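# Structural features, examined
Here are the chains, one letter per residue:
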Amino acid sequence: MPVLTTQVKKDFSVRGEDSETQQHGSNTTTKVQLQSVTKTYANGTHALLNANLEVKKGEFLFITGPSGSGKSTLLKLLYGQELPTQGEVIVDECNVADLRGDRLSLLRRRIGIVFQDYKLITQRTVAENVTFVLQAQGYTRKEIQRRLEPTLKLVGLLSKADCFPDQLSGGEQQRVSIARAIVGTPPLLLADEPTGNLDPDNSWQVIQILQKLNSFGATVIVTTHDEQLVRRCNNPIVQVCNGSLSRK
Ligand SMILES: Nc1ncnc2c1ncn2[C@@H]1O[C@H](COP(=O)(O)OP(=O)(O)OP(=O)(O)O)[C@@H](O)[C@H]1O
Ligand SMILES: [Mg+2]
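Read on for a plain summary of the structure. (Residues numbered from 1 in each chain as written. Chains lettered and ligands numbered in written order. Predicted model: local features only at pLDDT ≥ 70, side-chain atom pairs only at ≥ 80, totals over all residues.)

### A short note on the environment of lysine 56
Along the polypeptide, lysine 56 turns up in strand 2 (residues 46-56). The sequence separation of lysine 56 and threonine 28 amounts to 28 residues, and the corresponding C-alpha distance is 6.0 Å. (Helix = DSSP H or I, 4+ residues; strand = E, 2+ residues; numbered from the N terminus.)

Set out below in structure tokens:
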């Protein structure tokens with residue numbers, strides 16, 4: 001089990017969401033909302049059809065459904081990589097389709113994304129992959145160093161900081177992508193099949209890391225095919241079926 005660091009918890013609570021949850025006991029503020037969302041790609045494929053969803057702040061939600069059912073599309077809509085054909089996608093009370101330029105960048109800074117295919121930069125070390133985004137966002141070198149070590153500890157990769165991605169196992173690469181998503185302590189974490197290529201032990205480790213971040217106050221949305229893993233956790237589940245979403 002990765003070493004838990006209080007520093008990461010502190011950084012999450014500085015974002016204000018943790019304290020809000022503690023203040024109100026169970027939090028009822030809406031973090032994410034889909035209102036009658038249809039997504040049709042340019043080639044005519046309907047990925048989502050009149051889909052509705054509400055996710056509360058501080059929730060940990062699984063999105064399940066067969067391959068091609070629209071799980072990745074749903075996450076892409078939340079961080080504005082895709083826009084809905086119809087309906088509204090609301091994140092932090094903002095209609096994502098209305099955001100452009102700096103306002104969209106600001107929203108994305110508040111969202112950590114674990115991509116289905118990791119998207120690691122092969123010529124950069126683990127440490128560089130994790131801190132790259134912070135550099136682009138103008139964090140000082142000191143602040144980047146302060147964040148790097150506790151984040152790598154949390155995902156159990158401190159000893160691999162100077163390795164390149166091709167020197168890592170699949171599970172370790174997946175954990176680098178998680179470290180990169182959480183190093184900026186985003187209040188919303190989207191993880192697209194974060195256990196897709198992992199064995200049961202590594203999958204469980206990844207889910208425990210995500211649950212830990214959730215306990216620090218982050219809202220977490222995880223897509224997965226892994227029914228066994230979902231059953232092992234006691235978290236709410238949304239099923240994607242024929243383009244619509246239903247809570248199980
Ligand atoms: N850029 C695109 N252009 C056209 N069709 C697309 C595009 N991206 C996804 N699709 C289609 O939209 C549907 C939903 O795709 P999506 O990637 O959201 O599914 P998924 O549930 O994430 O699948 P998987 O479990 O295999 O990752 C699929 O039929 C897919 O072929
Ligand atoms: Mg997908």
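Once the structure has been displayed, the description carries forward.
### Let's talk about unusual backbone geometry
Phi at serine 36 takes a positive value of approximately 45°, unusual for a residue other than glycine. In this structure, serine 36 sits in strand 1 (residues 30-40). C-beta crowding within 10 Å serves as the criterion here: with 12 such atoms nearby, serine 36 is assigned to the exposed category. Of note in the backbone geometry, asparagine 50 takes a positive phi value of approximately 50° without being a glycine. Relative to the elements of secondary structure, asparagine 50 occurs in strand 2. (Buried ≥ 20, exposed ≤ 12 C-beta atoms within 10 Å, placed from the backbone.)

### So, the pairing of strand 8 (residues 219-224)
Side chains on a regular strand alternate between the two faces of the sheet. With six of six residues buried, strand 8 is to be regarded as a mostly interior element. A two-sided burial pattern is seen for strand 8, the buried positions comprising Thr219, Ile221 and Thr223 on one face and Val220, Val222 and Thr224 on the other. Alignment of strand 3 (residues 60-64) against strand 8, held across five bridges, turns out to be parallel. Counterpart to isoleucine 63 in the pairing with strand 8 is threonine 223. Looking at chain direction, strand 7 (residues 188-192) and strand 8 are connected through five bridges and run parallel. Bridge pairing links leucine 190 to isoleucine 221 in strand 8. (Pairing = 2+ DSSP bridges.)

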